[in-house]
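Descriptive analysis of the structure
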Amino acid sequence: MCEMDELLLEGVSVRKLDDELRAISSWDKCVLIARAHAKVCALQLKCGDQLLVDTVLQLGSELFRTGGGTAILIGSSSHDDATSVLLLLSTIEEATQLWTLLLKVCRDGQLKEDDQQKCAFNLRTEEASAAHYFQWYGHLCQQQNMLQDYVRTATYQSAFLQNSEMFKDKVVLDVGTGSGILSFFAIQAGARHVYAVDASDITSHCQQLVNSNGLAHRVTVINGKMEEVTIPEKVDILISEPFGYMLYNERMLETYLHAKKWLKPDGHMMPTQGDLYVAPFSDEMLYMEQTSKSQFWQQTAFYSLDLSSLKQASLLEYFSQPIVDTFDARILMAKPFKFSTNFETAHESDMYKWVCQNESCGVL
């Protein structure tokens with residue numbers, strides 16, 4: 001007789017999604033009960049006395065893991081309801097427990113060995129996307145663009161030097177070091193030793209700069225993902241330049257927060273806080289520019305073919321794409337809302353929850 005595996009998780013958030021993956025209903029602080037036996041898994045989700053989901057998953061059921069690994073999506077074809085169900089777990093550990101249990105049934109066996117060993121970065125990032133990302137930052141021309149950003153570079157050096165008492169004789173970890181510029185600033189501020197970590201090929205150039213500046217005894221360059229490498233000792237300070245567009249783009253913040261596993265209990269982080277200001281605006285010229293891009297799909301006689309049925313889809317596509325630009329503050333329609341993240345108190349999983357719980361923006 002086959003053994004039954006049973007899992008009970010509390011504090012699960014549940015989102016029911018329509019066929020475009022937009023949240024249509026949500027519940028928090030739910031209880032999840034999963035019982036796997038032979039080739040089926042009975043799954044129940046309850047919120048108080050209300051039974052939200054009562055279904056049986058089996059081989060071939062649609063399952064996806066997202067949200068940096070803490071969210072599991074069950075496809076609409078996997079249960080009686082016509083909606084998909086998104087489960088938001090409290091921790092990576094709980095999500096991995098449930099994911100492993102479900103895969104035993106729905107993917108005909110245990111997790112593959114490489115899946116078991118995947119780091120947090122790999123769980124949240126597509127392999128092709130990661131390869132392109134690290135290749136891009138491995139180019140000297142891209143590093144030059146960042147170094148020549150005077151405001152960025154000079155501000156970091158000034159911040160380190162003005163806080164030299166914090167750096168004096170301390171061990172520092174530079175997360176995503178790139179050319180190593182922040183590591184050098186940390187040395188200038190009095191750091192005893194710096195571990196400079198980067199997953200791209202730029203580390204070879206960084207090592208060359210370390211050697212040519214006579215700092216090989218004080219700066220150790222490590223090539224690899226922050227989530228996978230081993231640092232020889234706990235550090236006093238984490239430093240990084242983790243900001244993307246809209247603060248969170250590129251998801252480097254998650255890696256910066258993940259690196260806290262190497263930080264001493266009384267350690268510090270520079271930068272310490274990130275602020276995102278969000279405000280609605282109206283720009284008629286921009287609206288017309290985006291609309292005009294879809295004019296191509298309004299043609300009814302394109303080589304005797306009617307393209308107009310795709311007009312709406314093209315509009316949705318153009319208006320869903322982010323636009324990175326500078327705008328006159330006078331076009332704002334309301335005062336900005338500030339969303340702050342304190343890196344010293346925030347957890348890596350907080351980044352996933354913020355994205356997933358913002359239902360008005362859909363599910364990423």
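Note: the structure precedes this text.
Now for a quick tour of the structure.

Analysis parameters
- Residues numbered from 1 in each chain as written.
- Predicted model: local features only at pLDDT ≥ 70, side-chain atom pairs only at ≥ 80, totals over all residues.
- Heavy atoms only, no water.
- Helix = DSSP H or I, 4+ residues; strand = E, 2+ residues; numbered from the N terminus.
- Buried < 20%, exposed > 50% of the residue type's maximum accessible area, 1.4 Å probe, protein only.
- Contact = heavy atoms within 4.5 Å.
- Areas by Shrake-Rupley, 256 points an atom, 1.4 Å probe, with all protein chains shown as cover.
- Core = buried A, V, L, I, M, F, W, Y, C linked by side-chain atoms within 4.5 Å.
- Pairing = 2+ DSSP bridges.
- Axes fitted to C-alpha atoms, helices over the stretch in contact; angles between N-to-C directions.
- Phe/Tyr/Trp six-rings, centres within 6.5 Å; stacked < 30°, edge-to-face > 60°.
- Salt bridge = Lys/Arg side-chain N within 4 Å of Asp/Glu carboxyl O.
- Patch = residues over 30% accessible without salt bridge, like charges linked within 9 Å, V, L, I, M, F, W, Y side chains within 5 Å.

Moving on, we get to the overall build of the protein chain. Per the secondary structure count, the protein chain includes 13 helices and 14 strands. Within the protein chain, the fraction of its 364 residues that count as buried is 41%. Excluding contacts between residues fewer than 6 apart, the proportion of contacts in the protein chain whose partners are at least 24 apart in sequence is 63%. Summed over all atoms, the accessible surface of the protein chain reaches about 20700 Å², with 53% contributed by carbon and sulfur.

Moving on, we come to the nonpolar core. Formed by 28 residues in total, the largest nonpolar core has its most connected members in Val14, Leu32, Leu45, Leu87, Leu89 and Leu98. Listed by contribution, the elements that provide at least two residues to this core are β1 (4–17), β2 (23–37), β3 (40–47), β4 (50–58), β6 (71–74), β7 (84–88) and α1 (92–106). With 7 residues, α1 is the largest single contributor of residues to this core. Leu238, Tyr256, Leu263 and Ala346 belong to the second-largest nonpolar core, a separate cluster that totals 25 residues.

Overall, parallel pairing links the 5 strands, which are arranged β10-β9-β8-β11-β12 in an open sheet. Looking at strand neighbours, the two that pair on one side only are β10 (219–223) and β12 (263–270), the edges of this open sheet. On average, adjacent strands in this sheet sit at an angle of 20° to one another, irrespective of strand direction. Relative to β12, strand β11 (residues 235–240) runs parallel, the two sharing 4 bridges. From the neighbouring strand, valine 235 faces β12, where its bridge partner is leucine 263. In the packing of helix α9 (residues 202–212) onto the sheet, the strands contacted are β9 (193–198) and β10, and the crossing angle to β10 comes to about 170°.

What follows is about the packing of aromatic side chains. By the definition in use, this model includes 10 aromatic pairs. Among the aromatic residues, those joined into a cluster by ring pairs are Phe296, Trp297, Phe302 and Tyr303.

This part is about the pattern of salt bridges. Enumeration over the complete set of coordinates arrives at 5 salt bridges. Put simply, glutamate 241 and arginine 152 hold a salt bridge, and the shortest N to O gap is 2.9 Å. Separated by 89 residues along the polypeptide, glutamate 241 in the loop between β11 and α10 (252–258) and arginine 152 in helix α6 (residues 150–162) bring together distant segments of the chain. On the basis of relative accessibility, which here comes to 22%, the residue glutamate 241 falls in the partly exposed class.

Here tyrosine 277 is to be found in strand β13 (residues 273–278). Every residue in contact with tyrosine 277, bar those within four places of it in the chain, is listed here: Pro336, Phe337 and Lys338.

Before going further, it helps to spend a moment on a nonpolar patch on the surface. Taken together, the side chains of Tyr245, Met246, Val278, Val324 and Phe337 present a nonpolar region at the surface, about 560 Å² in accessible area. Take valine 324: it is sitting in the loop between α12 (311–320) and β14 (337–342). We classify valine 324 as exposed; its relative accessible area is 53%.

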